[in-house]
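Each chain, letter by letter, is given below.
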Amino acid sequence: MDAVPAVEIRDLVKDFKTSLRKEPLRAVDKVSLVIQPGEVYGLIGPNGSGKSTTMKALLGLVAPTSGSCAIFGKDSLKVDSRDDVGFLPENPYFYKHLTGAETLAFYGKLCGIRGRELKDRVAELLVLVDLEGARDRRIGGYSKGMLQRIGLAQALVQEPRLVILDEPTAGVDPIGSRQIRDLIMTLRDRGITVFLCSHLLEQVQEVCDHVGIIFRGKMVREGRLEDLIAIEDQTEIVLQDASPALIAEIQALVKRSPDTRWLHAGKPKTTLERLFLRETSSGDEP
Amino acid sequence: MSAPNSRKLPFSRVRRISVIAGHAFTQLVRMKVFYFLAIFALIAIASNFFDLPQHQGSEATGSHGMDVLRLIKSWSLGSMTLFSVVFGISATALLLPKDVEDRTLYTILAKPVPRLDYLMGKLLGVLLLLFVSLAMMDVLMTAMLQVRTSMVLSHQQDMADYLKWDQPARDSVRFETLANGPTWGLQAAVAAVFLRSAIMASVALLISTFSSSTLFTTIVGFLIYFIGHFQADALGGGDTGTSDAMRHLSMVISLVFPDFQLFNIIDAIIQGKTIQLLEFGKLVAAACYYIIVYTVGSWFVFADKEF
Amino acid sequence: MKAPVKYSILTAGLLVAGAVRGTWENRLDAEFHAAGLLRANVGANTRDRIGQTSSAVALGGLRTLVATFLNLRAFTFFTEQRWGDVNDTFETIVDLAPDTGDYWETGSWHSAYNASYYYRYDANLPPLRAREEWRQAIFWGKAFLERGIRNNPGDWRLGNALGLLLSDEKKIVDYRGAAEAYQKAADTGKAMPFVTRFVVYCLARVPGQEAVALEKARQLYTIPSNRTSTLLCVLFSLEEKATPSSNPEAHALALFGNPKAAYQALSLYWQSRENFPLDGVPAALQGLERRLGIPADKSVLSGKESGKPGAPDWLKNPSLIETESTPQAAPPPLIGAPTPRPSR
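Residues numbered from 1 in each chain as written. Chains lettered and ligands numbered in written order. Predicted model: local features only at pLDDT ≥ 70, side-chain atom pairs only at ≥ 80, totals over all residues.

1. As for the overall build of chain A
The condition is simple: Helix and strand definitions follow DSSP, with helices as H or I runs of at least four residues and strands as E runs of at least two, each counted in order from the N terminus. Residues with at least 20 neighbouring C-beta atoms inside 10 Å of their own are called buried, those with 12 or fewer are called exposed, and the rest are partly exposed, where every C-beta is derived from the backbone. For every residue pair, C-beta atoms are placed from the backbone, and the pair is scored as a contact if these atoms sit within 7 Å.
Check the secondary structure of chain A and you find nine helices and ten strands. With respect to the principal axes defined by its C-alpha atoms, chain A has extents near 70 × 50 × 40 Å. A total of 286 residues make up chain A; the buried ones form 41% of that total. Residue pairs at least 24 apart in sequence account for 69% of intrachain contacts in chain A once pairs closer than 6 positions are excluded.

Take a look at the structure:
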């Protein structure tokens, strides 16, 4: 692609001093990744693997020991780079005494938006994250899922081209989680680049198109999700209202092919999550 | 995209700082510690309304009246000093650690907000709150003083009538009483109280940039406040043959820590002295120097601090 | 940037800023001191006396506040007649609040008037001892007042109080010193009009200064509001002393305007004496008594001085002053407080 990459991290190394005598802890060890505009990139790894540190380095909250980070070509250590990015930290707290609308207005003003434009943006975002009904409720009274959603809204307040989400669905119930994932899809549809990190692998699988696996500070595997998780040598065919006779015919067809082996036929399973959602969703917000 | 372009305008910087300042203001105003301190100070000032059981019946002319006025002034200014210093230090001390702990700092710094703007916004929020509180206390004190001064004046009038004083005598006493009542000099004294607490707030800001503990920042802040007052005494009597090490230490202290001696003009004003506008301006400039130095220091520490 | 490097730079920066600060801060400090806005630091003695917490308040906040509370304490000591404590407390008070003239005045008054009276009359001490304590108390008060004047040269009331103390005929009786004190007070430009008159009254009683006194008295006479009965009496005597007239009675009538006023003023003057020059007074009185038809047995010139309606009574009963006004019922006694005196 000719466009400037949304995120470009090159050989990022970050050491932390633990105590004066011991060796410094290498939290991130020569991590490189590139995210193109419009992608949804998931950085996955166990706790303590360096995901958050990488994100913070990208946001300039932490200075790299060596290597570089850039957002749309601008160096992360400069304030400029944050024009185009919105960040939702892990387990965010917002100022409890502000209402939802006031919180968004606060962040909007910080970004230089004001007046009519600010009002409209706040209203629009509240609709997007489905918190219109709670706009005048104090943040102190929000549930976890609502907090995440208002957090996502504040990340979007200045219409950034890149959104960084740190564990966006951690601790959120399946319904809220679903909502967030739907929001991420909406963002993708709007052309906004999403960079998220999580250790809830199934959820990552659902939304991301690119994935990087990070372990003990090193990037061990990276690429398109499809490519990574496809089991190369197997094929899946899903039929609806297939009669047993048809299935027997297909089976016979496969038997005739020398290299192909019939592995399994049966009813596909739904997931527990889908069952839960089907049973609990009534269209109301939590 | 309006945001990136508008961000660079100088006025947008001011606006950004004022958003953070206004926010810090509302955050602090809601805190219980503020309410308690403010109400305590207001009650202390209002208590001047009640007569002290002294000198009753004797010395019923001028000097007793002046004494009461002086008492009101020193008591009120004392309460204001206590409130502003305690609040200035402790409120500033908790601002940064609270944001770090709540991780709201991340959300703010992830926006295109320069770190200096963030610091200045927080400091200005505290200063704004101090200013508003002291202004309210000033109004209360001035009102009390005005009432008292009128009482003293009318009492003096009665005595003068009784003793059949002529006009110059009456004028002389009246002039002196008015000089002890609410004057512009008194407002300058309140401004000096504000400036002193502003300096302490900026010191607390500096300490809080490298200390993550609110308690540590608060305690060190108070220590610096007292050292700032003792400095002159400690150094003034410094030729008592102290060791070289002590002399070097006290010199370092005098350079790094603020010297609040200049602000003792408050005492002079209570005793009825006046201060010229130019002199007051110089005091303001001195305070600004301190505040700027400490804020720049804070920025230096905070600029590449990692979270 | 590594932490140690960063903090070294920060410390260096603060030191440099502090050094730069020193350039103008010392100057500003000196300026404020010169303008009287700042005072010398609280001495170690004072700090000892007022204790730790008060030291903290005084040094950290307001000296005047501590001074105010000490003033209350001093008053309590006064009521308990603990004169040593009164003096000590006032020493501390003026150290904390040297610009408040009231404290100097009150401190001196307690010693020179209240304490001295106590030692002389109430303390039941052997006479020599009593006299010594009385003397010491008065001199302490005088010294205290003089220190106060040095600290507050612009405060006319301190000069006035010193003049009053020195011209008190029951105490030191130093009319020359009193005249100087009154003159300094008048020179501040803020003093009440009677102070200039008092200069004359004191000079009139200094041997050899009568000519100067006369000159000043004549200057004061040109302003109608200065023509109090005392001034007229003093002027009369000084003129008689300088150039004795052949007809003092006529002289008196010319000065006073009518015989009754002249007689009232001069008879009072004659009776209270107070070391004033009396040239021509007896002769004038004789003439006036004849004119007014006062019988010889009621003459003021006969026999002893009357019960001294001089300084002590005068202090208590201000109605014995202006001849124009009818005496009022006596007001409640002022305890000899050194407040401004009504015109004499």
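2. Quick word on the overall build of chain B
A count of helices and strands for chain B gives twelve helices and zero strands. Helices and strands in chain B line up, N terminus first, as α-α-α-α-α-α-α-α-α-α-α-α. A burial count over chain B gives 47% of its 307 residues as buried. Taking as baseline every contact in chain B between residues at least 6 positions apart, the subset at least 24 positions apart corresponds to 88%.

3. Focus: the packing of helix H4 (residues 144-155) of chain A against helix H5 (residues 174-189) of chain A
Residues and elements named next belong to chain A. Here is the rule: Angular values range over 0 to 180 degrees, each being the angle between N-to-C directions of two axes fitted as lines to C-alpha atoms, with helices fitted over their stretch in contact. We call two directions roughly parallel when the angle between them is under 35 degrees, roughly antiparallel when it is over 145, roughly perpendicular when it lies between 65 and 115, and oblique otherwise. Note: crossing handedness is left-handed where the near helix turns anticlockwise from the far helix by less than a right angle, and right-handed where it turns clockwise. Asp, Glu, Lys and Arg are counted as charged, while Ala, Val, Leu, Ile, Met, Phe, Trp, Tyr, Cys and Pro are counted as nonpolar; the rest, among them Gly, fall into the polar class.
Relative orientation of the contacting elements H4 and H5 amounts to 15°, with a least axis distance of 9 Å. Relative to H5, the element H4 lies roughly parallel. Classified by chirality, the crossing of H5 by H4 is right-handed. For the pair H4 and H5, the contacting residues are Gly145, Gln148, Arg149 and Leu152 in the first and Gly176, Gln179, Ile180 and Leu183 in the second. Residue composition of the contact of H4 with H5, grouped by class: three nonpolar, four polar and one charged.

4. Some remarks on the domain arrangement of chain A
The line we're drawing: The start and end points of each domain follow an automatic or database-based domain assignment.
Domain annotation for chain A reports domain 1 (7-229) and domain 2 (248-280). Of note, the centres of domain 1 of chain A and domain 2 of chain A, computed from C-alpha atoms alone, are 37 Å apart.

5. Digging into helix H6 (residues 115-163) of chain B
For clarity, the threshold we go by: Between the first and last residue of a helix there are one fewer steps than residues, each counted as 1.5 Å, and that sum is the expected span.
When the terminal C-alpha atoms of H6 of chain B are compared, their 69 Å separation across 49 residues agrees well with the 72 Å that a helix rising 1.5 Å per residue should span. Once H6 of chain B finishes, Lys164 of chain B follows within two positions and takes phi at roughly 55°, a positive value.

6. So, the sheet that holds strand S2 (residues 25-35) of chain A
All names here are of chain A. Let me state the cut-off plainly: Strand pairing is assigned whenever DSSP identifies at least 2 bridges connecting the two strands.
Taken together, the four strands give an open sheet; going across it, the order is S2-S1-S4-S5, and neighbouring strands pair in antiparallel fashion. Sheet topology places S2 and strand S5 (74-75) at the edges, where each strand pairs with a single neighbour. Note: strand S1 (residues 7-16) against S2, seven bridges, orientation antiparallel. Across the sheet, the residue bridging to Val7 is Ile35, located in S2. Relative to S1, helix H1 (residues 51-58) is tilted by about 115°, and along the sheet it contacts S1, S2 and strand S4 (66-71).

7. Details of the interface of chain A and chain B
Counting from both sides, the interface comprises 26 residues of chain A and, opposite them, 26 residues of chain B. If you list the elements that add at least two residues to the side of chain A that touches chain B, you get strand S6 (85-88) and helix H2 (100-110) of chain A. If you tally residues by element for the side of chain A that touches chain B, the top one is H2 of chain A, at four residues. Considering only residue class, the side of chain A that touches chain B consists of 17 nonpolar, five polar and four charged.

8. Section: the sheet that holds strand S3 (residues 40-44) of chain A
Hydrogen bonds between backbone atoms are what pair the strands of a sheet, whose relative direction is either parallel or antiparallel. Residues and elements named next belong to chain A. Reading across the sheet, the six strands line up as S6-S7-S8-S3-S9-S10 and stay open at both edges, with mixed pairing between neighbours. Two strands bound the open sheet, and with one partner strand each, they are S6 and strand S10 (218-224). Neighbour-to-neighbour, the strand axes of the sheet open up by a mean angle of 15°, direction not taken into account. With four bridges connecting them, S6 and strand S7 (residues 162-166) associate as parallel partners. Bridge pairing in S7 links Val85 to Leu162. Contacting S6 and S7, H4 crosses the sheet at an angle of about 165° to S6. The strands touched by H5 are S3, S7 and strand S8 (193-198); relative to S8, the strand with the most contacts, the crossing angle is about 150°.

9. What to know about helix H8 (residues 175-187) of chain C
All names here are of chain C. Here H8 is 13 residues long and its end C-alpha atoms lie 18 Å apart, about the 18 Å a rise of 1.5 Å per residue gives. When we look at burial in H8, the residues that qualify are Tyr175, Ala178, Ala179, Ala181, Tyr182, Lys184, Ala185 and Ala186. Following H8 by one or two positions, Gly189 has its phi on the positive side, about 85°.

10. Quick look at the packing of helix H5 (residues 101-122) of chain C against helix H7 (residues 156-166) of chain C
Residues and elements named next belong to chain C. As a packed pair, H5 and H7 sit with axes 9 Å apart at the nearest point and diverge in direction by 15°. If you check the angle between H5 and H7, you find them roughly parallel. Handedness of the H5/H7 crossing: left-handed. Together, Gly101, Trp104, Glu105, Ser108 and Ala112 of H5 and Arg157, Leu158, Ala161 and Leu165 of H7 make up the contact between the two elements.

11. A closer look at the environment of Arg273 of chain C
Mapped onto the elements, Arg273 of chain C comes out in the loop between helix H13 (259-272) and helix H14 (281-292). The spatial distance from the C-alpha of Arg273 of chain C to the C-alpha of Ala137 of chain C is 27 Å, given a sequence separation of 136 residues.

12. Examining the confidence of the model for chain B
Detailed reading of the predicted coordinates is not advisable wherever pLDDT is low. Residues and elements named next belong to chain B. For clarity, the threshold we go by: The quantity known as pLDDT measures the predictor's confidence residue by residue, on a range of 0 to 100.
Of the residues in chain B, 88% have a pLDDT of 70 or more, and the chain-wide mean is 82. Every residue in residues 52-61 is under pLDDT 50, and counting partners more than four places away or in other chains gives eleven contacts. Among the prediction metrics, the complex's ipTM stands at 0.80, with pTM recorded as 0.78.

13. Quick notes on unusual backbone geometry
Generally, phi is negative for residues other than glycine and the peptide bonds are trans, each holding for most cases. Residues and elements named next belong to chain A. Even without a glycine there, the phi angle at Lys30 is positive, about 50°. The residue Lys30 is located in strand S2 in this model. Judged by local crowding, Lys30 falls into the partly exposed class, with 14 C-beta atoms found within 10 Å. One non-glycine residue, Glu159, adopts positive backbone phi at about 55°. Mapped onto the fold, Glu159 is located in the loop between H4 and S7.

14. Thoughts on the pairing of S8 of chain A
Two faces belong to every sheet, and in a regular strand the side chains alternate between them. Residue and element names in this part refer to chain A. Just so we agree on the cut-off: Looking down the strands as they point away from you, a crossover is right-handed if its path from the first strand over the helix to the second goes clockwise.
In terms of residue burial, S8 counts as a mostly covered element, since six of its six residues are buried. Neither face of S8 is open: one carries Thr193, Phe195 and Cys197, the other Val194, Leu196 and Ser198, and all of them are buried. Pairing analysis gives five bridges linking S3 to S8, with the strands arranged parallel. Looking across to S8, one finds that Ile44 is bridged to Ser198. Direction of pairing for S7 relative to S8: parallel, over a ladder of five bridges. Within S8, the residue paired with Leu165 across the bridge is Leu196. A crossover connection joins S7 to the parallel S8 through H5; in handedness this β-α-β unit is right-handed.

15. Notes on the environment of Leu253 of chain C
Residue and element names in this part refer to chain C. The topology assignment puts Leu253 in helix H12 (residues 248-256). Leu253 gets classed as partly exposed once you count the C-beta atoms within 10 Å, which come to 18. As a C-alpha pair, Leu253 and Tyr263 span ten residues in sequence and 9.2 Å in three-dimensional space. When sequence neighbours within four positions are dropped, the list of residues in contact with Leu253 reads Pro259 and Ala262.

16. Re the environment of Leu278 of chain C
Here Leu278 of chain C shows up in the loop between H13 and H14. The residues touching Leu278 of chain C, leaving out its near neighbours within four places in the chain, are Ser237 and Trp270 of chain C.

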